[in-house]
Amino acid sequence: MKRLNNHRVALLVTAVLVGTGVLVGALTAPPGLGAADRNPDGSYVGTKVEGTTPAQWRLTWEEDPAHAATISWTTAVEPKKSTLVYDTEARRGDVTGYRLHADATIGQYTDDEVHTWYNHAELTGLKPDTTYWFVMVSDGAASREFHFVTGPEGDADFKLLYGGDSRSDRDARRTMNRRMRALLEEDPEILALAHGGDYVANGEEMEDWDEWLTDHELTVTEDGRMLPLIPARGNHEASGPLFDQIFNTPGKKGGNFYRTRIGEQFLLVTLNSNISAGGDQADFLETVLSDNEKVRWQCANYHRPAYPAVKSPGSALEHWVPLFEKYNLDVAFESDGHTLKRTCRIRNGKRADDGVVYIGEGGLGVKQRTPKDDRWYFNGGMTASTLHVQKLTITKDSLTVESVTDTGKVYDSYEARPRKR
Amino acid sequence: MSSFTADNAGHWTLRTAVALTCVAVASRMLMFGGPVLSWLWLSLGWSEQAALRLEHAAAFGLLACAPLALWQKAWPSLILVAGWLLFATLAETVIGTWHSELTPGALAARWLAPVALVALTLQRERTGEWLLRIGIAATFFCHGLEALFHNPQFIDYVIRGGAILMGARFGEHAVKNMLVFIGALDVMVAVATIVPHRWRAVALWMAFWGFLTAAARILYMGWGNWPESLIRVTNGAVPLTLFFMWSKFGVRNDDSPEPTDEATE
Ligand SMILES: [Fe+2]
């Protein structure tokens, strides 16, 4: 009898304690600030992928955007021949009128269900700071005429966009793509978009990429200007082959880390937080940063944050941050958290005037999380739960990073002055 | 509560580990958000508020379960703990991106530990022992596979460990070779725990390695990362429990008579 009572007491205490805990937890949960779905939009379908008609176009920059670019597109069936015709003058889509051409390499995307084909035309020997007009042609089926501007040479002023995490919420992604197009239309000095990774929810499924690529067409301006991409790999791209098939293997295969020089005085190092940070990649980072020690502006782009606004820090903190600090990086762009953040200037794990700033966390079309704004490194920085893209303005006197929301509002602005190098 | 004796050292090791796991899982959810939040909100379309509320409720529930895990009579709380751990494991499997098919196995020691503790509390010593053996075998086997597949996180741990402990800079290629050795060893000891023979030395090695690799997270990321270490406490505590149990049995094969549970009243 006593034993039975003992067990009853235990059960009662368990119920009361656990019940109280659960209730207290539920009642003290922080409010969810997450941005709701916006602009429900099922009407947009993009260019239909059928036959050899070029669709799902994108333009990738890698190391030397003043002289090289890859223009890629998708076809539903395998073309016998795909060619990009291009020129420094507009030819209004008259395929025979373009003076230059580049044959594309053709291959099938790796997928069980979607059996479409990629076409990559690699352009080399381009002139800096020049508008190129082009048409994609696969077995006689041609796209409309597009154009893009190559990177500058010399000590040039220009603008860039940065953003990450365009996965999971298609309506929000389209909204942000339209926002980027609007930015590009109102400010032609914008040259490219550095993407911080997590393009899609499952980067090993072509079905997801199919949607992303179609939505990406929305970034093209009314008059056909294409926004070059400088892509980083996110954890949702995992180690699968599709990322390389979409972007023509930026950096080397299995690595996807590389450095981009835009003009004489701007360096962007794209890193891959899906692979070892401390091994070959740390060696690469050290080499690049020391080789470019005198370059005025130095930034990095990688997916998993060293100073996260929501989750725990990635390997970047141990393996890359010491190098950023040694070589006085200006800004490290980070994604993955699904929130907007800018840290204070950080050196040796403390706030310091000569430190490195970490900006981003991914707002190109994923539901936004509630940031943990009480972390020490946001004292002197900021966080917010809003879709966003960063606009970088690079001049001789300053590097400005504006965080622009889906509605076009400048939510935050950060300005760096040139360091003594 | 029964007192700690050499005879029930195994039970108390496991009990303490489960209590610490509750604290670690709860703290990780409160500090960094957990996989359930991401899964329900981003994949299943819950509102962030609802998903946050559920995780918060679970975190406080687990904190309440931590002291209860130390009290034998409150064993039903262990079922709640196991239920949440399994649910969180499934969420992590669904949202994970790097060989996430290994996650349920890799975390088996964690989510099976409270189930085994229920069995041991109810004097089902043999069932409890096998749950522990299967749990730790799955954990070591899956981590072994991850090492053989060159888990990038493991590469970075070894590089950082080499720098901190030996002041040496290991190249990535060399570390990958080491991981093949480590992975093969993990797989071997995993197999050794589920053959019908009780190797105390194997259990002791696994306990050492389990605690060491758990502690590596603090070594790697500093004390602020303590929940990442503590959450892996069962990786060392489960084999240590087996070691104590096997020492208590005093025999070296599985055909020994069913022991009685001296820890209960
Ligand atoms: Fe991510």
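Residues numbered from 1 in each chain as written. Chains lettered and ligands numbered in written order. Predicted model: local features only at pLDDT ≥ 70, side-chain atom pairs only at ≥ 80, totals over all residues. Heavy atoms only, no water.

A. Here's a closer look at the domain arrangement of chain A. Residue and element names in this part refer to chain A. Parsing chain A into structural domains produces domain 1 (2-33 + 47-149) and domain 2 (158-416). Taking only C-alpha atoms into account, the centre of domain 1 sits 16 Å from that of domain 2. With 35 residues of domain 1 at the contact, the number on the domain 2 side is 41 residues. The largest contributions to the domain 1 side of the interface with domain 2 come from Gln56, Trp61 and Glu62, which together make up 21% of the buried area. Across the domain 1-domain 2 interface, the total number found is 0 salt bridges. Run the count over domain 1 and domain 2 and you get 18 residue pairs in polar contact (both at pLDDT 80 or more). Looking at the side of domain 1 that touches domain 2, the element that brings in the most residues is strand E1 (residues 55-60), giving 6 residues. Grouping the constituent residues of the side of domain 1 that touches domain 2 by class yields 15 nonpolar, 12 polar and 8 charged. (Domains from an automatic or database assignment. Contact = heavy atoms within 4.5 Å. Buried area = accessible area lost by both parts, 1.4 Å probe. Salt bridge = Lys/Arg side-chain N within 4 Å of Asp/Glu carboxyl O. Polar contact = N/O pair within 3.5 Å; in protein donor to acceptor, adjacent residues only side chain to side chain. Helix = DSSP H or I, 4+ residues; strand = E, 2+ residues; numbered from the N terminus. Nonpolar A, V, L, I, M, F, W, Y, C, P; charged D, E, K, R; others polar.)

B. Seen up close, the nonpolar core. The biggest cluster of nonpolar side chains holds 63 residues, and the ones touching the most others in it are Leu14, Leu62, Trp84 and Leu132 of chain B. Counting residues in hydrophobic clusters, the runner-up holds 44 residues, among them Ala104, Ala121, Tyr132 and Cys299 of chain A. (Core = buried A, V, L, I, M, F, W, Y, C linked by side-chain atoms within 4.5 Å. Buried < 20%, exposed > 50% of the residue type's maximum accessible area, 1.4 Å probe, protein only.)

C. Structural context of the pairing of strand E12 (residues 258-261) of chain A. Residue and element names in this part refer to chain A. Alternating residues of E12 divide into Tyr258 and Thr260, all buried, and Arg259 and Arg261, none buried. Judged from the 4 bridges that link them, E12 and strand E13 (residues 266-270) form a sheet pairing that is antiparallel. Each bridged residue has a counterpart across the sheet, and for Tyr258 the counterpart in E13 is Thr270. The hairpin formed by E12 and E13 contains 4 residues between the paired strands, and Gly263 there has a positive phi angle of roughly 70°. (Pairing = 2+ DSSP bridges.)

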